[in-house]
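# Observations on the three-dimensional arrangement
If you want the building blocks of each chain, they are given just below.
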Amino acid sequence: METTTKLEVAPGKHAPEDEHAHGEQHFLTKYVFSSDHKVIGIQYGIGGLLFLLVGFMLIIGMRWQIAKPGEPIPIIGAVLEHVYAHNNAGEPIFKNGVMSEDAYNQFGAMHGTIMVFMGIVPLAFAAFGNYVVPLQIGAPDMAFPRVNMASFWAFFGGAVVMTVSFFIPGGAAQAGWTSYSPLATVIPTDGQSYWLIGMMLLITSSLLGAVNFIATIIQLRAPGMTWFRMPFFVWAQFVTAFLLLLAFPPLEAAGIMQLMDRVCDTSFFLPTGVFATGSDPMNVSGGGSPLLWQHLFWFLGHPEVYVLILPAIGIVTEIIANNTRRPVWGYKLMVGSLLVLGFLSFIVWAHHMYLTGMSYKVATFFQTTTMIISIPSVILLTCLFITLWRGSIRFNTPSMFALAFLPMFGIGGLTGLPLGFNFTDLHLHDSYYVIAHFHYVVAPGTVFALFAGVYYWFPKMTGRKMDEYWGRVHFWGSIIFMNIIFMPMFIQGFAGLGRRMSDGGATYSLVQQPDLTSGGLPESIMGMNTMISLGAFGMFLIQIVFIVNFFHSIRHGKKVNSDNPWGSTTLEWQTPTPPPHGNFPEPIEVHRGPYEYSTPGADKDFTPQTEPDKDEA
Amino acid sequence: MIIPHFEKPREDTGLYNGKAGIWIFLASEVMLFGGVFSAYVLLRVGADDGTWSMGLMNKWVGAFNTLILIASSATIVLAWVCLKLKDIAGYRKWQWITIVFATMFLVVKWSYEWPAKFTHYDVKFTSDAAAKRAMGDALGGTFDETAVKQIWQGRFDPGTNTWDRVELKDKPLDGHIVAYIDSEDKRHKVDATMGFSFWSHAIVWRFDRKNLVKNPDGSVKTNTEGNVLYKGIELNADESLKRDENGNVVYQEGAIPYHDTFRDRDIQAIVLHPAGNWHTKQKEASSGTLKFAEEKGHTGTDGGHGHHHEVIIQRQDISRLSSYEPAHSTFFATYYTLTGLHALHVLGGILVMLYHLLPISRRVYEANPEQFTNRIEITGLFWHFVDLVWIFLFPILYLL
């Protein structure tokens, strides 16, 4: 095979990738407008963490309103009254510091949008993928460094548009992160249009990233890095990139059509005779289909769930193999499951739409595929559990987060089954049960895996470890508060508490009317609102520990004494710390699979992928 | 640092990076257009009777555009072949020809096909009687159901039969608006090449949803003149609109004016020149015994449809008036979205091809001919895709 690590400069190749250009790079090209995958990865990482925090702050505000409907938010409320947008009548949306219904809807819609599209995808896929994938396959950079830079700046533009939308007249989008039409079309503020334009930029960013990842993994693997010698994390990113590549464009198409509906008054998603408010039919041609939006949205929406979870499973797999000092059990089985999962995720989307009155035959098809897709998910989780079996597990912060991922994701996955059957979904649809279910998947699931990844790869990026003691405080606090927050929501959902109610269901449950004998929710259910809100606030306090630890450790963390502090086999640890421009100073060659831990007869308990076989040497 | 395989193919895949990248990118493009195509299928299957305008497009213009786009797909291959043969002059020639073809495509679309539609109006009526009166005028004085049916079927249901299922008042009369008549019976000429200006022409059928004045029951408030009321408009004591000396509506200080062309220009009736198909039927039916005298030169240009007899339609007879703009129907919404998205891809292709003719690209060629040839190959792959999309668009929008 032609060597992939030729380092001589080809004729006609210009800066910025030029060999002799770096070292004296300008600050702007090195750290801001960089085309180096490691810098872009860190940019995405900081952006993603920042928006996870923003999304979290939004929900803290909403939890206040749920626990104490109609009461002014202390301190912050007064600030928001002046800073936040005014509504179309010219009054502050946070009048007297109280979160109005509009504000609640805006925070809710933007919480989902920010967490999914500006928090987790940039962090799990773009940040870790950018930083780690080229290193793990032995590539000097991504296949298209400048496309990579364009991807980040498209993300940046989308993030700016989304953020600005909070401050325009009328405020941000308020039709939920799913933006169902006709509601999203007829809301008479401009937030939804900003949302659509922001989404198009974010989608463009993801598409450019996905093209780059796939091309990089196909084209730039180092000599000897065959497909089945790739670490599982690379496989996970590979499948994720395909999901983004093929599932996002239909949402972009839908976004264009909804924007046409809002700007050019077309009727893609407005049926004939639709009424907006009052008694007059809207003056549009009609003939559109609200279901079309739902189909196009969930055609992205469901693969998106796997976009959120697959990189997380990839991170967890790396960390578990490393910290149990055992090869991953059933590596090929896991890769196969991953591919099946990726394929099936495209044909389950309508299980989000059982309540639209679809034909029972269609519902049967989608609930069948939904049940089938749980099989590869269970295989992945089982393989990881078997890997733990009889391993001598090292308990450090990354491994604890990774281990906690397994049962938490398990709860999230298994509670999804009742939602996948259309008859049980009838009761549970749009209740707090749904919220609890998908948050168990992405909050103590994906987000824990992301924390694990941050703690795990931090030494590679900075040469220092994050503080172990405060890492454990962060871990134990997070896992306790996560469960205080989400476990009661299952119970509330079973009891029939609906989601998206700006007073936390107070009006609905009519607890204020004790003489009501039926139809309301008991105080035992409604009282959980306060407990959950307290849990969310505790969760926030614990995250401060992480933020301080993160920034403090960049300069003052314990220095690592080698390039491979965790004793890992994969290629990213076989380079200097942090890796130089071009990643590998010497041409590298791969001789073995990714998880050769505790190999009998080997002199160490790990054998790096670069180490030649003894008889070869 | 050099990215491996940026010009030479990798052995096991047979691709250089750019070629791998463009194929992956095109896969996402398939899904993007696939999203809108699926919308086309779903909306067309679910369309109400008589709302999916089949047979409105000029298929010869579409065929011409198809032809030049296919030709441009061939010429860009020739440009690439010339580069492979190190014939830079040949490359420049064919690349320019490709750009010319592509530009012709856009010129036809953006200076002829689209603008012609923006000035072509459909009128629907509030009652069958009003429809009969106006259609009768369009046909030269007598309402002829057979003639109207033929026109209708030509536009809305070749091969099916929805005639009986759609009320006459919901069957549109189409043509150009050449003038309007105000409340003092004064006639104002409208430049038919522009219609009412692009954004304000849709008249009452656009509500400024934010600022409508509502009755207590939530319905939209209208005054005694039949005008929809908006916040910020100055009213006289009897709730009629206050107008300045030019007849324009007066707004309160600081209010954002909202344009309702009917109200602002005090339009009581529109003067319509029916489109050519009504004209033909009228000639067949009345064989020259015309009710109205020809009014040559009276109403200005009429968009190349020849001279017709004007039809005056009172404001209260109109239930919906819309040009062939995106808001006209889901058909036109889909048409503009699909062709617009495609045209943006054509425009992007033109920009890339122009970039490859700049001196900066010449320097890339001189430094590394193989890299430059690869770039042209990739451009060609993208261009073939754009061409292929049009090959799907032409039949579904023009022929089916």
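Scoring rules and cut-offs
Residue positions are counted from 1 within each chain, in the order its sequence is given. All chains are assigned letters beginning with A, and all ligands numbers beginning with 1, in the order in which they are written. Per-residue local features of the predicted model are confined to residues with pLDDT of at least 70, and side-chain atom pairs are confined, for both listing and counting, to 80 or more; whole-chain, interface and lining totals are unaffected and use all residues. Here a helix means four or more residues in a row that DSSP labels H or I, a strand means two or more in a row labelled E, and each is numbered from the N terminus. Here the globule rule is a power law, 2.2 Å times the number of residues to the power 0.38, and the radius of gyration is based on C-alpha atoms. Neighbour density around each residue's C-beta defines its exposure: 20 or more other C-beta atoms within 10 Å make it buried, 12 or fewer make it exposed, and counts between make it partly exposed, where C-beta atoms are placed from the backbone. Each residue gets a C-beta atom placed from its backbone, and two residues are in contact if those atoms lie within 7 Å. A set of buried residues drawn from Ala, Val, Leu, Ile, Met, Phe, Trp, Tyr and Cys, joined through C-beta atoms within 7 Å, is what defines a nonpolar core. Criterion used throughout: strands pair if DSSP finds at least two bridges between them. Note that the domain bounds were set by an automatic or database domain assignment. Note on method: axes are straight lines fitted to C-alpha atoms, helices fitted across the in-contact stretch only, with angles between N-to-C directions ranging 0 to 180 degrees. Roughly parallel here means an angle under 35 degrees, roughly antiparallel means over 145, roughly perpendicular means 65 to 115, and every remaining angle is called oblique. In this scheme, a crossing is called left-handed if the near helix is turned counterclockwise away from the far one by less than a right angle; it is called right-handed if the turn is clockwise. Each residue is assigned to one class: nonpolar for Ala, Val, Leu, Ile, Met, Phe, Trp, Tyr, Cys and Pro, charged for Asp, Glu, Lys and Arg, and polar for all the others, Gly among them. Every residue is assigned a pLDDT by the predictor, reflecting its confidence on a scale from 0 to 100. The span expected for a helix works out to 1.5 Å for each residue beyond the first. Here the bend at a residue is taken as the angle between two axes, fitted respectively to the seven residues that end there and the seven that start there.

## Quick look at the overall build of chain A
For chain A, the helix and strand inventory stands at 19 helices and two strands. The globule rule puts the C-alpha radius of gyration for 617 residues at 25 Å, and the 25 Å found for chain A is close to it. Dimensions along the principal axes, computed over C-alpha positions, put chain A at roughly 85 × 55 × 55 Å. In chain A, which comprises 617 residues, the share counted as buried stands at 53%. In chain A, 78% of the contacts between residues at least 6 apart in sequence involve partners at least 24 apart.

## Some thoughts on the overall build of chain B
Along the backbone of chain B there are 10 helices and six strands. Long-range contacts, defined here as pairs at least 24 residues apart, represent 71% of the contacts in chain B between residues at least 6 apart.

## So, the nonpolar core
Proteins that are soluble and globular tend to have nonpolar side chains buried together. Counting residues in hydrophobic clusters, the biggest one holds 236 residues, and the most contacted among them are A:I214, A:L245, A:V316, A:F401, A:F405 and A:A452. The contact partners of A:V316, leaving out residues within four places of it in the chain, are A:L384, A:A402, A:F405, A:A449 and A:A452. Of all hydrophobic cores here, the second largest spans 28 residues; its members include B:A130, B:A138, B:L139 and B:I313.

## Section: the pairing of strand β5 (residues 311–314) of chain B
Residue and element names in this part refer to chain B. Side-chain alternation along β5 places V311 and I313 on a buried face and I312 and Q314 on a face that remains uncovered. As judged from the four bridges shared by strand β4 (residues 267–274) and β5, these two strands associate in the antiparallel manner. Looking at the pairing, A269 lines up with Q314 of β5.

## Here's the deal with the domain arrangement of chain B
Assigned domains within chain B: domain 1 (18–118 + 330–399), domain 2 (130–206 + 267–322) and domain 3 (208–259). The interface is formed by eight residues belonging to domain 1 of chain B together with 12 residues belonging to domain 2 of chain B.

## Looking at unusual backbone geometry
The omega torsion across A:S181 and A:P182 is 0°, close enough to zero to call that bond cis. Mapped onto the elements of the fold, A:P182 is located in the loop between α5 (145–164) and α6 (183–186). Of the consecutive residues A:T577 and A:P578, the connecting peptide bond is found in the cis state with omega at -20°. Structurally, A:P578 is set in the segment after β2 (558–559). Its identity as a non-glycine residue notwithstanding, A:I75 has a phi of 55°, on the positive side. Locating A:I75 in the fold gives a position in the loop between α2 (37–67) and α3 (76–83). With a phi angle near 65°, B:D185 is a residue other than glycine that sits in the positive phi range. Relative to the helices and strands, B:D185 resides in the loop between β2 (173–182) and β3 (187–189). Judged by the 8 C-beta atoms lying within 10 Å of it, B:D185 falls in the exposed class.

## Here's the deal with the packing of helix α8 (residues 232–263) of chain A against helix α9 (residues 290–324) of chain A
The packing of two helices is summarised by the inter-axis angle and the distance between the axes. All names here are of chain A. Close contact between α8 and α9 brings their axes to 8 Å; oriented N to C, the two are set at 160°. In terms of orientation, α8 and α9 fall into the roughly antiparallel class. Crossing of α8 over α9 shows left-handed handedness. Split into classes, the residues belonging to the contact of α8 with α9 amount to 24 nonpolar, five polar and two charged.

## Thoughts on the confidence of the model for chain A
In regions of low pLDDT, the predicted coordinates are not meant to be interpreted in detail. Averaged over every residue, the pLDDT of chain A is 90; the share at 70 or more is 93%. The low-confidence segment residues 1–22 of chain A, where pLDDT is below 50, has 38 contacts with residues more than four positions distant or belonging to other chains.

## Points about helix α3 (residues 88–118) of chain B
All names here are of chain B. The first and last C-alpha atoms of α3 sit 44 Å apart over 31 residues, in line with the 45 Å expected at 1.5 Å per residue. Bending of α3 peaks at approximately 30° at the position of K109. Regarding α3, the residues found buried are Y91, W94, Q95, T98, I99, F101, A102 and F105. On its buried face, α3 sits against α2 (59–84) and α8 (330–355).

## Notes on the pairing of β4(B)
All names here are of chain B. Of all the eight residues making up β4, six are buried; the element is thus mostly covered by neighbouring parts of the structure. Where β2 and β4 come together, seven bridges link them in antiparallel fashion. Within the sheet, the bridge partner assigned to I181 lies in β4 and is A269.

## Side note on helix α4 (residues 101–137) of chain A
All names here are of chain A. In this model α4 runs 50 Å from its N-terminal to its C-terminal C-alpha over 37 residues, within 8% of the 54 Å that 1.5 Å per residue would give. Maximum bend of α4: about 50°, positioned at G129. Of all 37 residues that make up α4, 34 are buried, and the element is covered over most of its length. Where α4 terminates, the next one or two residues include G138, which has phi positive at roughly 75°.

## Concerning the confidence of the model for chain B
Residues and elements named next belong to chain B. On average, residues of chain B score 83 in pLDDT, and 83% of them are at 70 or above. Across residues 194–207, where pLDDT falls below 50, the model places 33 contacts with residues more than four positions away in sequence or in other chains. Predicted confidence is poor over residues 287–306, with pLDDT under 50, and the contacts of this stretch with residues over four places away or in other chains come to 32 contacts. This complex was scored by the predictor with a pTM of 0.90 and an ipTM of 0.92.

## Side note on the environment of A:Y331
All names here are of chain A. Looking at the secondary structure, you find Y331 in helix α10 (residues 331–344). On the basis of neighbour count, Y331 is assigned to the buried category, with 21 C-beta atoms found within 10 Å. Separated by 147 residues in sequence, Y331 and S478 have C-alpha atoms that sit 30 Å apart.

## Remarks on the environment of A:S165
Residue and element names in this part refer to chain A. Structurally, S165 can be placed in the loop between α5 and α6. By C-beta crowding, S165 is classed as buried, having 25 other C-beta atoms within 10 Å. Sequence-wise, S165 and D190 are 25 residues apart; in three dimensions their C-alpha atoms are separated by 8.2 Å. Contacts of S165, omitting those with residues within four sequence positions, involve A172, A173, G191, Y194, W195 and G198.

## Focus: the packing of helix α12 (residues 397–414) of chain A against helix α15 (residues 432–462) of chain A
All names here are of chain A. One way to put it is that α12 packs onto α15 with a least axis distance of 8 Å and a crossing angle of 165°. For the element pair α12 / α15, the angle class is roughly antiparallel. In this structure, α12 crosses over α15, and the sense of that crossing is left-handed. Each of T397, P398, F401, A402, A404, F405, M408, F409, I411, G412 and G413 in α12 lies in contact with α15, whose residues at this interface are H437, Y440, V441, P444, G445, F448, A449, F451, A452, Y455 and Y456.

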